[in-house]
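Overview (structure and organization)
In case you want the letters, here they are:
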Amino acid sequence: MTPWYTDQEIDDLCAGLCTSAAKVRHLRAQGLTVTQKPNGRPLVIRAHADLARYLGSLLVNSSLSSRVDGMYV
């Protein structure tokens, strides 16, 4: 496993997007830090992406667990 996402992994995360610029925008909108390779393709460090996904899941789970029958407690 490489320390960064492979081009195939990036393409899987950005299914349906064709241009590198669109992929960069999409990944940044997900809260990831994205740099660009010299050819314009996005470069995402795996550790940062994993951390961002983990923290995002914590936020979602904590906001869901604080609601009971539609009311916040």
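All values derive from a computational prediction rather than experimental measurement.

1. A short note on the overall build of the chain
What the chain contains, in helices and strands, is three helices and four strands. When its helices and strands are written in sequence order, the chain yields α-α-β-β-α-β-β. Within the chain, residue pairs in contact and separated by at least 24 positions form 34% of the contacts whose partners lie at least 6 positions apart. If you sum the accessible surface of the chain, you get close to 5,200 Å²; carbon and sulfur atoms cover 62% of it.

2. As for a nonpolar patch on the surface
On the surface, Leu-51, Tyr-54, Leu-55 and Leu-58 cluster together to form a nonpolar patch covering roughly 380 Å² of accessible area. The topology assignment puts Leu-58 in helix α3 (residues 46-65). A residue is classified by how much of its surface remains accessible, and Leu-58, at 38% relative accessible area, is partly exposed.

3. Description of the confidence of the model for the chain
Per-residue pLDDT for the chain has a mean of 84; in total, 81% of the residues score no lower than 70. Per-residue pLDDT, averaged within each element of the chain, yields its smallest value for strand β4 (residues 71-72) (51) and its largest for strand β2 (residues 42-43) (97).

4. Side note on the pattern of salt bridges
Counted according to the given criterion, the structure contains five salt bridges. Note that Lys-37 is salt-bridged to Asp-7, the shortest N-O span being 2.7 Å. With Lys-37 in the loop between β1 (35-36) and β2 and Asp-7 in helix α1 (residues 7-13), this residue pair connects regions lying 30 residues apart in the sequence. Close ionic contact of Asp-7 with Arg-41 constitutes a salt bridge, the shortest N to O distance being 3.3 Å.

5. So, the environment of Leu-32
On the secondary structure map, Leu-32 appears in the loop between α2 (20-29) and β1. Take Leu-32: its relative accessible area is 7%, and that puts it in the buried class. Residues Leu-32 and Val-44 lie 12 residues apart in sequence; the distance between their C-alpha atoms is 7.5 Å. Ignoring sequence-local partners within four residues, the contact set of Leu-32 consists of Leu-27, Val-44, His-48, Ala-49 and Ala-52.

6. Examining α2
Within α2, burial applies to Ala-22, Lys-23, Val-24 and Leu-27. Residues of α2 that are buried in the fold lie against α1, β1 and β2. Within two residues after α2, Gly-31 carries a phi angle of roughly 90°, on the positive side.

Rules of the game
- Residues numbered from 1 in each chain as written.
- Predicted model: local features only at pLDDT ≥ 70, side-chain atom pairs only at ≥ 80, totals over all residues.
- Heavy atoms only, no water.
- Helix = DSSP H or I, 4+ residues; strand = E, 2+ residues; numbered from the N terminus.
- Contact = heavy atoms within 4.5 Å.
- Areas by Shrake-Rupley, 256 points an atom, 1.4 Å probe, with all protein chains shown as cover.
- Patch = residues over 30% accessible without salt bridge, like charges linked within 9 Å, V, L, I, M, F, W, Y side chains within 5 Å.
- Salt bridge = Lys/Arg side-chain N within 4 Å of Asp/Glu carboxyl O.
- Buried < 20%, exposed > 50% of the residue type's maximum accessible area, 1.4 Å probe, protein only.
- pLDDT = per-residue confidence, 0-100.

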